Amino acid sequence: PPLGVLVDGDDQYRFTELETYTYIASVSVLGSTLVASSQVGIVSGPAANLKIHVSPPLVAAGNPVTLFAEITDAFGNPASGEVNYTVDPSAIITDDLVTATQAGSYIVTGSLVGTEAVDTDGFLIESAAPASLSISLSSYDVERGDGIFVDVVVLDSFGNPSDHEVDLWTDGSGSVV
């Protein structure tokens with residue numbers, strides 16, 4: 001049999017590839033040949049397997065990532081089906097987009113409805129552009145020769161700490177800290 005055709009015996013054939021197969025039979029009788037043919041078109045079987053992919057794998061907070069689902073039948077042929085998604089930690093899922101606002105690592109789990117097929121993929125959220133800057137001192141009234149600690153916090157609009165470098169200086173002597 002051709003590639004993608006399995007013979008089960010008793011002239012029963014099973015198909016694993018999406019193809020159109022033509023069966024041709026011929027018989028020769030008294031110098032004459034009779035020929036007949038019949039075609040069978042193979043379509044995908046029921047959805048059985050799921051592979052999900054998230055793109056891009058790294059975005060700034062508040063920007064969406066796109067979810068892609070590859071659904072196949074038991075033989076790897078494209079099939080259709082419904083996929084339910086969950087995200088851990090929680091994020092907003094709208095159709096095939098996931099939007100997260102807290103920086104960190106996220107895992108998307110896709111489940112193919114009506115089957116036991118499940119797959120996961122991950123993405124990272126980094127802080128968005130800086131939106132606020134605050135400065136605090138360990139003491140606001142010190143004696144000459146004493147020191148203080150300076151705490152500078154840069155946050156994006158979602159409250160994520162930013163890793164942007166901060167320039168810090170004093171205006172008393174013009175020295176840069």
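Refer to the structure presented above.
The structure displayed is predicted, hence computed values, not measured ones.

Student: Mind showing me how you'd approach the overall build of the chain here?
Tutor: Regarding its fold elements, the chain presents zero helices and 14 strands. Each helix and strand of the chain, placed in order from N terminus to C terminus, yields the pattern β-β-β-β-β-β-β-β-β-β-β-β-β-β. Taking 177 residues into account, the globule formula puts the C-alpha radius of gyration at 16 Å, and the chain, at 32 Å, lies well above it. For the C-alpha atoms alone, the extent of the chain along its principal axes is close to 120 × 30 × 25 Å. Per-residue burial for the chain yields a buried fraction of 21% across its 177 residues. Contacts in the chain between residues far apart in sequence, at least 24 positions, make up 44% of those at least 6 positions apart. Accessible surface for the chain amounts to roughly 12200 Å². Of this, 53% is attributable to carbon and sulfur atoms.

Student: Please explain the packing of aromatic side chains as it appears in this structure.
Tutor: Describing an aromatic ring pair means giving the distance of the ring centres and the angle of the ring planes. Taken as a whole, this structure holds two aromatic pairs when the rule is applied. Residues Tyr-106 and Phe-123 carry aromatic rings whose centres are separated by 5.2 Å and whose planes lie at 10 degrees to one another, so their mutual orientation is stacked. Remark: Phe-123 occurs in strand S12 (residues 118–126) and Tyr-106 occurs in strand S11 (residues 104–112); sequence separation between them is 17 residues. Residues Tyr-106 and Phe-123 agree in their burial class; the two are buried.

Student: Help me understand the pattern of salt bridges in this model?
Tutor: One side chain can pair with another of opposite charge once the charged atoms of both are near each other. Applying the stated criterion to the full structure yields one salt bridge. Where Lys-51 meets Asp-119, a salt bridge forms, and the shortest distance between an N and an O atom there is 3.6 Å. Highlighted residues: Lys-51 in strand S5 (residues 49–55) and Asp-119 in strand S12, separated in sequence by 68 residues.

Student: What's the story with the sheet that holds strand S10 (residues 97–99) in this structure? I'm lost.
Tutor: Sheet strands associate in pairs through backbone hydrogen bonding, adopting either a parallel or an antiparallel arrangement. Spatially, the four strands line up as an open sheet ordered S5-S7-S10-S9, and their pairing is antiparallel. Two strands in the sheet have a free side with no partner beyond their single neighbour: S5 and strand S9 (92–94). Each adjacent strand pair in this sheet contributes to an overall mean axis angle of 25 degrees, direction not counted. Here seven bridges tie S5 to strand S7 (residues 64–72), and the two strands are oriented antiparallel to one another. Each residue of the ladder has a partner; that of Ser-55, found in S7, is Thr-66.

Student: Just checking my understanding: could you explain the side chain of Asp-156 for this structure?
Tutor: Tracing the chain through its elements places Asp-156 in strand S14 (residues 150–156). Although Asp-156 is buried, it makes no salt bridge; Lys-51 carries the closest opposite charge, 28 Å away. Residues in contact with Asp-156, not counting those within four places in the same chain, are Ala-61, Ser-127, Ala-128, Ala-129, Pro-130 and Ala-131.

Student: Can you walk me through the environment of Val-40 in this structure?
Tutor: In this structure, Val-40 sits in strand S4 (residues 32–41). The class for Val-40 is partly exposed, based on a relative accessible area of 27%. Note: C-alpha distance between Val-40 and Glu-19 (21 residues apart in sequence) is 8.4 Å. Setting aside chain neighbours within four positions, we find Val-40 in contact with Phe-15, Glu-19, Thr-20, Tyr-21 and Tyr-23.

Student: When you look at the nonpolar core in this model, what are you seeing that I'm missing?
Tutor: Proteins that are soluble and globular tend to have nonpolar side chains buried together. Core analysis: the largest hydrophobic core is formed by 21 residues, its most contacted members being Leu-50, Val-108, Phe-123 and Ile-125. At the level of secondary structure, the elements contributing two or more residues to this core comprise S5, S7, strand S8 (83–88), S11 and S12. What Phe-123 contacts, discounting residues up to four positions off in sequence, is Val-54, Pro-56, Pro-57, Val-65, Val-87, Val-98, Ala-100, Gly-104, Ser-105, Tyr-106 and Val-108.

Thresholds, definitions, all that
- Residues numbered from 1 in each chain as written.
- Predicted model: local features only at pLDDT ≥ 70, side-chain atom pairs only at ≥ 80, totals over all residues.
- Heavy atoms only, no water.
- Helix = DSSP H or I, 4+ residues; strand = E, 2+ residues; numbered from the N terminus.
- Rg over C-alpha atoms; globule rule 2.2 N^0.38 Å.
- Buried < 20%, exposed > 50% of the residue type's maximum accessible area, 1.4 Å probe, protein only.
- Contact = heavy atoms within 4.5 Å.
- Areas by Shrake-Rupley, 256 points an atom, 1.4 Å probe, with all protein chains shown as cover.
- Phe/Tyr/Trp six-rings, centres within 6.5 Å; stacked < 30°, edge-to-face > 60°.
- Salt bridge = Lys/Arg side-chain N within 4 Å of Asp/Glu carboxyl O.
- Pairing = 2+ DSSP bridges.
- Axes fitted to C-alpha atoms, helices over the stretch in contact; angles between N-to-C directions.
- Lys, Arg positive; Asp, Glu negative; His and termini not counted.
- Core = buried A, V, L, I, M, F, W, Y, C linked by side-chain atoms within 4.5 Å.

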